[in-house]
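Structure at a glance
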Amino acid sequence: MRLSRWFRWLRRLTFVFIGVAIVSLILDRIFPLPLPDPNRGSTVVLARDGSPLRAFADAEGIWSYPVSIDDVSPLYLEALVGYEDRWFWHHPGVNPVAALRAFGQMIFNGHIVSGGSTLTMQVARILEPHSRSFSGKLRQSLRALQLEAHLSKREILELYLDNAPFGGTLQGVEAASWAYLGHSADRLSHAEAALLAVLPQAPSRLRPDRHPALARAARDKVLDRMATLDVWTADEVKDARIESVVARTLQPPLSAALLARRLHNEHPRQRRIATTIDIELQRSVQDRVSNYLARLPERTSAALLVVDNSDLSTLAYVGSAAFGDEARLGHVDMVQAWRSPGSTLKPFLYGLALDDGLIHSESLLIDAPQSFGDYRPGNFDSAFNGPVGAAEALRLSLNVPAVDLLDRVGAARFTARLANTGLRLRLPHGVEPNLSIILGGVGARMEDLAGAYAALNRKGIGGIVRYMPDDALVERRVLSEGAAWIVREILEANPRPGYRPGTFDTGSRPRVAWKTGTSYGYRDAWAIGGTHQYTVAVWIGRPDGTPLPGQYGAVTALPLMFQVVDSLPGRTLSSVPKAPPASVSEREICWPLGLAYDEQHPDRCQQKMDAWVLDGVVPPTFPERDARSWSAGLLHVRIDARSGQRLSPGCPAALTREIDIPRWPSLAYPWLSRSQRRQSSLPRLAPQCADDGLESSQELRIDGIADHASVARAPNSDKPAIVRLRALGAIGEVMWLVNGRLEATTRDAQSWEHAFAETGDQTITAMTDAGRWAQVRVRVLR
């Protein structure tokens, strides 16, 4: 009988249990846990060491930096669990002993005295706020049980770490630690851990930035509890009580603000965005930029990148001079902006020409007025240097040699080659690649330029700069290893502004391969430089494209670049030169032919130069452009051994010998010394010999006005337009004809002035007595 009764009770209990379980499941489905959406909420962008660069509040203006238990100091977890809920790891969400105690106190006093809340119950209330009434407590307890049924203890604790209130708009221990203490929650002292453990009890009343005394008293209460529980030793608590509560003004982090905005837009559902930024370097660079811009004209902005050459990771990113400054358009990210690169593309052109076997480091180039079809470039300072080596032309950033070189390499091929390496160039719609791109007649982005310049210190391999640790390392070959080494060597040999060899000890400073650039109208000032370890790019200008007269790369952007380079670590390593690769060798070459010095023919060498050559190739000087008759740089001439006069083929002489005459390009002659001209001049033709046509082989050019140019007198003036003309490459007498009438006679490269008194089309011809000639057509408008 008793056994039967026992079975009946057991069956009833089973039915009750099943009923409770069914009801619980139904209620769980009807009233699901109000868990926060992991893809919503505030977002924090972090430096490489975990320091916050910038935080983006959620829709309600709350700042929270999501963390895991492993990201928080064990001292904080000890203080939190020890002070708030010692039995957290053991109870099912509600502590029965604490709940009965709280219920008894409520019955005895007629109101709630202590809540008896567990950490799980506090999480329940954070997720679903309610009143402190009995019904509210009951609802909180049921939610706590529901949390325990669905989540692990670790997950519940992480909900608390991310969502506990800490005063104002701060939510979560990590945000509070950075806001109040200035560092991450994984580096808390005993005193700091105790302070953060107690703050959520009364976040507004205990805010340390407003009520430091109250905050300290509450903190000390936690410290005493930890000592009583023997969680912390008495000495640890004693030392912790000595620490003061520092009142800090809450300021959200704002480093690399534009990069943070960029990554937040690219990863809108990601709450923690890690970057490669070095926080200390970032702050230092931002301060340097801010101080530097203070002396420049108003509305001037700047951008700066520091890239680690080892893996193309970005260490510092300054997108504008002052984020949020409306006058400077501080919201515009100039690292991504398309701007004219000025002359910053020239190193890649010279490197490509080296790879093509067109030049070596001292190839003879001519910096003189030239027309390339209807394009006639000039230099930045409007002056010309005549014959220069390729290295000097690159260091001085001479425009005419660069355009000449691009014309021979091919503008379309050059553009395509850069695009393939990751350096995309933007041309106006419908415009094909042309010669102006090498002088900045194209758009480029700083980040692409930095990735390409890194190739000079990465054996010719550049790539796409990286902003996040998870970004793939995308590498592209820009130049061969040898060409990259030669170009870097050329740029490193360029002395710093104000420094000259022998005047300052620069041995402790890093070797920098640097290049500047200035766009048309002083709209963009660039300086890009690289050491063995870093690449630094600087842009200064106005984001709206308005000019900055008098501000250009060498005087505006370059000093800032060197300030940053000199502040980077590893300066000793960067000051050690790199040995050339196996493909590079040093050879003694000769001008004007550009070939290697030949001991068997010393008369062919007028000027010796030490040059870096690639793969043993020593290309000759470029042939004359647009020559009417082909002319070799080296002439073999038969002369009368007694008189020294030239003999044409078939012309007899008692005693003859042959000589070699190295010839300079005709455009170089105005800059040659008297001795150089004499060495390159042809011996006079013997009177008994027939004309051999050699004197007409040298190219003759008219300098002073371009072919198909238009001229006009000045407005409101009755004086005709006057142009100074000269014949480049002329030797001897030159006759000048205008529309077939002789107007003047000059000798060699002597100039003369012509006044255009009549309107209409006119033809100007320069002719030597040997029959060599040049001609331009001009339209006189008024």
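Right above here is the structure, for reference.
Note that the structure is predicted; figures quoted are calculated from it, not measured. (Residues numbered from 1 in each chain as written. Predicted model: local features only at pLDDT ≥ 70, side-chain atom pairs only at ≥ 80, totals over all residues. Heavy atoms only, no water.)

1. Section: the layout of surface pockets
Put simply, the rule reads: Here a cavity means grid points, on a 1 Å grid over the protein atoms only, where a 1.4 Å probe fits yet cannot get out; a pocket means an open set of points with protein on both sides within 12 Å along at least five of seven lines; lining residues are those with an atom within 4 Å of a point. Grid points are joined across faces, edges and corners, and a volume is the space filled by probe spheres set on the points. Think of it this way: any DSSP run of H or I at least four residues long counts as a helix, any run of E at least two long counts as a strand, and we number them from the N terminus. Put simply, Ala, Val, Leu, Ile, Met, Phe, Trp, Tyr, Cys and Pro go in the nonpolar bin, Asp, Glu, Lys and Arg in the charged bin, and everything else, Gly too, in the polar bin.
Empty space within the largest pocket amounts to approximately 1100 Å³. Of all the secondary structure elements, the ones that give two or more residues to the lining of the largest pocket are helix 14 (390-395), strand 12 (513-518) and helix 19 (553-567). No other element matches the five residues that strand 12 contributes to the lining of the largest pocket. Counted by class, the lining of the largest pocket contains 14 nonpolar, 19 polar and six charged residues.

2. Some details on the environment of leucine 398
Counting through the fold element by element, leucine 398 comes out in the loop between helix 14 and helix 15 (399-409). Taking the C-alpha atoms as reference points, leucine 398 and serine 343, separated by 55 residues in sequence, lie 9.0 Å from one another.

3. A look at the sheet that holds strand 26 (residues 760-768)
Our working definition: Should DSSP find at least two bridges between two strands, the strands are regarded as paired. With axes taken as lines fitted to C-alpha atoms, and helix axes fitted only over the stretch in contact, angles between N-to-C directions fall between 0 and 180 degrees.
Taken together, five strands build an open sheet; the order of strands is 21-27-26-23-24 and the sheet is mixed. Single-partner strands in this sheet number two, and they are strand 21 (709-711) and strand 24 (741-747). Geometrically, the sheet is characterised by an average inter-axis angle of 25° between neighbouring strands, direction not taken into account. Here strand 26 pairs with strand 27 (residues 773-780) via eight bridges, running antiparallel. Its bridge partner lying in strand 27, aspartate 761 is registered against arginine 779.

4. A closer look at the state of the cysteines
Inclusion rule: Disulfides are defined in this document as cysteine sulfur pairs within 2.5 Å. Relative accessibility thresholds used throughout: buried, under 20% of the residue-type maximum; exposed, over 50%; partly exposed, between the two (1.4 Å probe, protein chains only).
This structure, assessed with the given rule, holds two disulfides. Sulfur-sulfur distance for the disulfide between cysteine 590 and cysteine 605 comes to 2.1 Å. In this structure the cystine formed by cysteine 590 and cysteine 605 twists about its S-S bond by roughly -90°; its chirality is therefore left-handed. Placement of cysteine 590 in strand 15 (residues 584-591) and of cysteine 605 in the loop between strand 15 and strand 16 (607-614) is noted, with a sequence separation of 15 residues between them. Accessibility expressed as a relative area gives 4% for cysteine 590, which makes it buried. Note that cysteine 651 is cross-linked by a disulfide to cysteine 689, the S-S spacing being 1.8 Å.

5. Things to note about the environment of alanine 402
Put simply, the rule reads: By definition, residues are in contact when any of their heavy atoms lie within 4.5 Å.
Checked against the element boundaries, alanine 402 lands in helix 15. In this structure, the C-alpha to C-alpha distance between alanine 402 and isoleucine 366, residues 36 residues apart in sequence, is 9.9 Å. Residues within four places of alanine 402 in sequence aside, it is in contact with Lys346, Leu349, Tyr350 and Ile438.

6. Observations concerning the sheet that holds strand 17 (residues 634-640)
Strand pairing in a sheet is mediated by backbone hydrogen bonds. Such pairs are either parallel or antiparallel. One open sheet holds the three strands; their spatial order is 18-17-19, and the pairing between them is antiparallel. Every interior strand has two partners, whereas the edge strands, strand 18 (646-647) and strand 19 (656-662), have only one. Judged from the seven bridges that link them, strand 17 and strand 19 form a sheet pairing that is antiparallel. Within strand 19, the position partnered with histidine 636 by the bridge is aspartate 660.

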